[in-house]
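Descriptive analysis of the structure
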Amino acid sequence: MFKNSRNFWVGSAAAFVIYVVIQLLFNQGVLNDVAESTIILICINIILAVSLNLINGFTGQFSMGHAGFMSVGAYMSAILTLDFNVPFPVALIAGGCLAAVFGMMIGIPSLRLKGDYLAMATLGFGEIIRIVLLNTEYVGGASGLSGIPTQSSWTWVFVFTFLTVVLISNFVNSIHGKACIAIRENEIAAEAMGINTTQYKVIAFVIGAFFAGVAGGLSAHKFYVITPTSFNFIKSFEILVIVVLGGLGSTSGAILGAIVLTLLFTWLQDFPEIRMIIYSLVLILMMIFRPSGLLGTREFTLDLFKRKGKKSDESVRSSS
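A quick note: this is a predicted structure, and the numbers were derived from the prediction, not measured.

On to the overall build of the protein. Looking only at helices and strands, one finds 13 helices and 0 strands in the protein. Going residue by residue from the N terminus, the α and β elements of the protein occur as α-α-α-α-α-α-α-α-α-α-α-α-α. Against the globule reference of 20 Å for 320 residues, the protein gives a C-alpha radius of gyration of 20 Å, in line with a compact fold. In terms of principal-axis extent, the alpha carbons of the protein reach across some 75 × 55 × 40 Å. Excluding contacts between residues fewer than 6 apart, the proportion of contacts in the protein whose partners are at least 24 apart in sequence is 80%. Of the roughly 15,800 Å² that the protein leaves accessible, carbon and sulfur atoms contribute 68%. Distance between charge centroids for the protein: 12 Å, based on 19 positive and 16 negative side chains.

Right under this line is the structure:
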């Protein structure tokens, strides 16, 4: 199902090189704990952005409840490791599966809605999850869960980030992903061609919710404590901003947007007085001068570099 096996193997090799280099820097003490936390946070944001991009970018739906799915996965995986000593990767997958179930529960009735109505429905779902967690003593209520084992190492986070990007890219390049893109382009025409639009929207929603749950579990097992306020509307908005910044409908753009915004937000922590002003100005300027995002709908592929090489050769020939 890989659209271009050469692009896949080249990308996989590049990802492996990045993993080895960063791991060596950790082992040599070049990167400290702050750098490690920042890199892991970048990977978690990549998982969130790529999974939301499947819903908003490729399927054309307007979801604002991604933080709700993230919270389900975070609490589920944390409870499994804290109270039942479930192995860490099993707990992550279980949290993702529960988030996927919630994605189906909210998806089936609400994905018949469109546009702003769908956004309000998914936003309401996220707030319902947060309020339930606030009033559930078993999960700590407003105080949240603490004492979560810090098992989200660089290796585990890299593995799940790599799997997320590969699996979602594979899905997008499959016949099912093409159906989702057809729904984004023209839902009425897609229905006329025999595509079950509601079914594919639910599928995209379930897959996106699953990986959001996995990201929540990774976050919970890295930062020791989770509270319901960590998964409020602002968190959903941050994930949406990453996707829009990178480019709706581009997996490469979602990755780039996650890296840029995470580094920007980390750097601005040294300027608490003007942090949100600079952050907002950057976003406003981006939307004015590059409304389609950093990459638009383009992807980083070998063909892209070949086309650039051909254009440069043609320009040299024309000038000569």
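To continue, consider a nonpolar patch on the surface. Taken together, the side chains of Trp267, Phe271, Ile274, Ile277, Leu281, Ile284, Leu285, Ile288 and Phe289 present a nonpolar region at the surface, about 930 Å² in accessible area. Here the nonpolar patch takes 6 residues from helix 12 (residues 275-289), the largest share from any one element. When you line up the elements, Ile277 lands in helix 12.

Time to look at the nonpolar core. Phe69, Trp154, Leu218, Ile226 and Leu261 are the most contacted members of the largest nonpolar core, which has 82 residues in total. Sorting elements by how many residues they give to this core places helix 2 (residues 33-58) first, with 14 residues.

Bringing the packing of aromatic side chains into the picture now. Where two aromatic rings form a pair, the distance of their centres and the angle of their planes describe that pair. Applying the stated criterion across every chain, the model contains 14 aromatic pairs. When the centroid spacing of 5.9 Å and the interplanar angle of 75° are considered together, the rings of Phe88 and Trp156 count as edge-to-face. Linking Phe88 in helix 4 (residues 88-110) with Trp156 in helix 6 (residues 154-172), this pair joins segments that are 68 residues apart in sequence. Taking the relative accessible area as the measure of exposure, Trp156 reaches 33% and is therefore partly exposed. Here a set of aromatic residues connected by ring pairs shows up, and it is made of Tyr19, Phe26, Trp154, Phe158 and Phe162.

With respect to the element layout, Ala179 can be found in helix 7 (residues 175-185). On the basis of relative accessibility, which here comes to 7%, the residue Ala179 falls in the buried class. The sequence separation of Ala179 and Ala190 amounts to 11 residues, and the corresponding C-alpha distance is 7.7 Å. Ignoring any residue separated from it by four or fewer positions in sequence, one finds Ala179 in contact with Ile195 and Tyr200.

On to the pattern of salt bridges, then. Scanning the entire structure with this criterion turns up 3 salt bridges. For Glu185, the salt bridge goes to Arg184, with nearest N and O atoms at 2.8 Å. We classify Glu185 as exposed; its relative accessible area is 54%. On the accessibility criterion, Arg184 (28% relative accessible area) is partly exposed.

Taken N-terminus to C-terminus, the directions of helix 2 and helix 10 (residues 233-246) make an angle of 75°; their axes are 9 Å apart at the nearest point. With respect to each other, helix 2 and helix 10 are oriented roughly perpendicular. Taking contact as the criterion, the partners of Asn45, Leu48, Ala49, Leu52, Asn53 and Asn56 in helix 2 are, on helix 10, Lys235, Ile239, Leu240, Ile242 and Val243. Grouping the amino acids of the contact of helix 2 with helix 10 by side-chain chemistry returns 7 nonpolar, 3 polar and 1 charged.

If you check helix 9 (residues 197-220), its first and last C-alpha atoms are 34 Å apart, about what 24 residues at 1.5 Å a residue would give, namely 34 Å. Counting buried residues in helix 9 gives 20 out of 24 residues, a clear majority hidden from the surface.

Rules and cut-offs
Residues numbered from 1 in each chain as written. Predicted model: local features only at pLDDT ≥ 70, side-chain atom pairs only at ≥ 80, totals over all residues. Heavy atoms only, no water. Helix = DSSP H or I, 4+ residues; strand = E, 2+ residues; numbered from the N terminus. Rg over C-alpha atoms; globule rule 2.2 N^0.38 Å. Contact = heavy atoms within 4.5 Å. Areas by Shrake-Rupley, 256 points an atom, 1.4 Å probe, with all protein chains shown as cover. Lys, Arg positive; Asp, Glu negative; His and termini not counted. Charge placed at Lys NZ, Arg CZ, Asp CG, Glu CD. Patch = residues over 30% accessible without salt bridge, like charges linked within 9 Å, V, L, I, M, F, W, Y side chains within 5 Å. Salt bridge = Lys/Arg side-chain N within 4 Å of Asp/Glu carboxyl O. Core = buried A, V, L, I, M, F, W, Y, C linked by side-chain atoms within 4.5 Å. Buried < 20%, exposed > 50% of the residue type's maximum accessible area, 1.4 Å probe, protein only. Phe/Tyr/Trp six-rings, centres within 6.5 Å; stacked < 30°, edge-to-face > 60°. Axes fitted to C-alpha atoms, helices over the stretch in contact; angles between N-to-C directions. Parallel < 35°, antiparallel > 145°, perpendicular 65-115°, else oblique. Nonpolar A, V, L, I, M, F, W, Y, C, P; charged D, E, K, R; others polar. Expected span 1.5 Å × (residues − 1).

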